[in-house]
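# Architecture and fold: a report
Each chain, letter by letter, is given below.
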Amino acid sequence: MPVNDAIVRRLHQILLQVADIRGQIERGPKQIKASQTKAQQARDGVANCKDEIKKNRMEADRKQLQQRQYEAKLYEWQGKLNAANNNREYQAVKDQIAADTQANSVLSDEIFEILEHIDSLQNKLVGLEGECKTIEEDTGKVQAKLQERILVLQGELLRVEGELKAAEGELPEDFAAVYHPLVKTRAEEAFAPLDDRSCGGCNTGLPPRVVDQLRQGHPVPCSSCGRWLYRPE
Ligand SMILES: [Zn+2]
């Protein structure tokens, strides 16, 4: 008994459903991973900002210590200035004081800049921590929702695979011998509907004889891509 196109059409619809559900199930873990990556990036952003604040604080501390050393030195120079024995010595100490005062003033500017930078980093950190919290909450929700969805899809897959088995059981024996190896390698790509006068899979135009056969409800393979063709509904 030749296979009729209603059963081929039905099988193709079920195979497409199986492929769609499997695809959705496979995408689930990827989507979960993507949202976890996003949360990790947000946490990294917070950690990096904290690190930067710490580094700047250390730099400010270092410069403040240096400033105290300059101040102690200036105090020392002042004593030497008062104890200078002659003009030359006096002038030399005075030049030194001027140079150190200048260096100290540059240092003060640098410290001020670093402290300002720390302030702006702290503001940035508040923003990043807020974003991170939101992203982490969203990640939790997305994950729970996807896991729930995957469970539903797995149930659906079992149901549709059952339908597939039942429909496959109705295949005439000679077509079943063609069908099983074909579907094993090509799955839902094993079939395509007739598209006007062309193969709905590869778009190749079909000879009139083949189109006639299909229109009479007899599935035939496309000579170009090998998909079994059937009359669309
Ligand atoms: Zn084709």
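## Some points on the pairing of strand β1 (residues 191–195)
Pairing geometry for β1 and strand β4 (residues 228–230), over three bridges, is parallel. Bridge pairing links P193 to Y230 in β4. Where β1 hands over to strand β2 (residues 198–199), the hairpin turn is made up of two residues, of which D196 adopts a positive phi near 60 degrees.

## What to know about the nonpolar core
By size, the foremost hydrophobic cluster in this structure holds 16 residues, and its most contacted members are V8, F191, A192, C199, W228, L229 and Y230. Going through the elements one at a time, α1 (5–82), β1 and β4 are the ones with two or more residues in this core. Tallying contributions element by element places α1 first for this core, with four residues. Ignoring sequence-local partners within four residues, the contact set of W228 consists of V8, A190, F191, P219 and P221.

## Here's the deal with the sheet that holds β1
Ordered in space as β2-β1-β4-β3, the four strands form an open sheet in which the pairing is mixed. Each having just a single partner strand, β2 and β3 (220–221) make up the two edges of the open sheet. Of the pairings in the sheet, the one linking β3 to β4 comprises two bridges and is antiparallel in character. Paired with P221 across the strands is W228, a residue of β4. Where α1 meets the sheet, its contacts fall on β1 and β4, and the angle it forms with β4 comes to roughly 110 degrees.

## What to know about the environment of Q216
Tracing the sequence through the fold places Q216 in the loop between α4 (208–215) and β3. Put simply, Q216 and K55 are 161 residues apart on the chain and 80 Å apart in space, counted from C-alpha to C-alpha.

## Considering the environment of D61
Here D61 is to be found in helix α1. Overall, D61 belongs to the exposed group, with 12 C-beta atoms counted inside 10 Å. With 50 residues separating them in the primary sequence, D61 and I111 have C-alpha atoms 8.7 Å apart.

## Things to note about the packing of α1 against helix α2 (residues 87–169)
Where α1 contacts α2, the axes come no closer than 5 Å and their chain directions differ by 165 degrees. Overall, the two elements α1 and α2 adopt an arrangement that is roughly antiparallel. Taken as a pair, α1 and α2 cross one another with a handedness that is left-handed. Across the contact of α1 with α2, the residue classes tally to 39 nonpolar, 20 polar and 22 charged.

## Regarding the environment of I114
Within the secondary structure layout, I114 lies in helix α2. I114 sits 54 residues away from A60 along the chain, and the two C-alpha atoms are 6.3 Å apart. Setting aside residues no more than four positions away along its own chain, I114 makes contact with N56, E59 and A60.

## Things to note about the domain arrangement of the chain
By the assigned domains, the chain splits into domain 1 (19–169) and domain 2 (172–233). The C-alpha centroid of domain 2 is placed 60 Å from the C-alpha centroid of domain 1.

Parameters and conventions
- Residues numbered from 1 in each chain as written.
- Predicted model: local features only at pLDDT ≥ 70, side-chain atom pairs only at ≥ 80, totals over all residues.
- Pairing = 2+ DSSP bridges.
- Helix = DSSP H or I, 4+ residues; strand = E, 2+ residues; numbered from the N terminus.
- Core = buried A, V, L, I, M, F, W, Y, C linked by C-beta atoms within 7 Å.
- Buried ≥ 20, exposed ≤ 12 C-beta atoms within 10 Å, placed from the backbone.
- Contact = placed C-beta atoms within 7 Å.
- Axes fitted to C-alpha atoms, helices over the stretch in contact; angles between N-to-C directions.
- Parallel < 35°, antiparallel > 145°, perpendicular 65-115°, else oblique.
- Left-handed = near helix turned anticlockwise from the far one by under 90°.
- Nonpolar A, V, L, I, M, F, W, Y, C, P; charged D, E, K, R; others polar.
- Domains from an automatic or database assignment.

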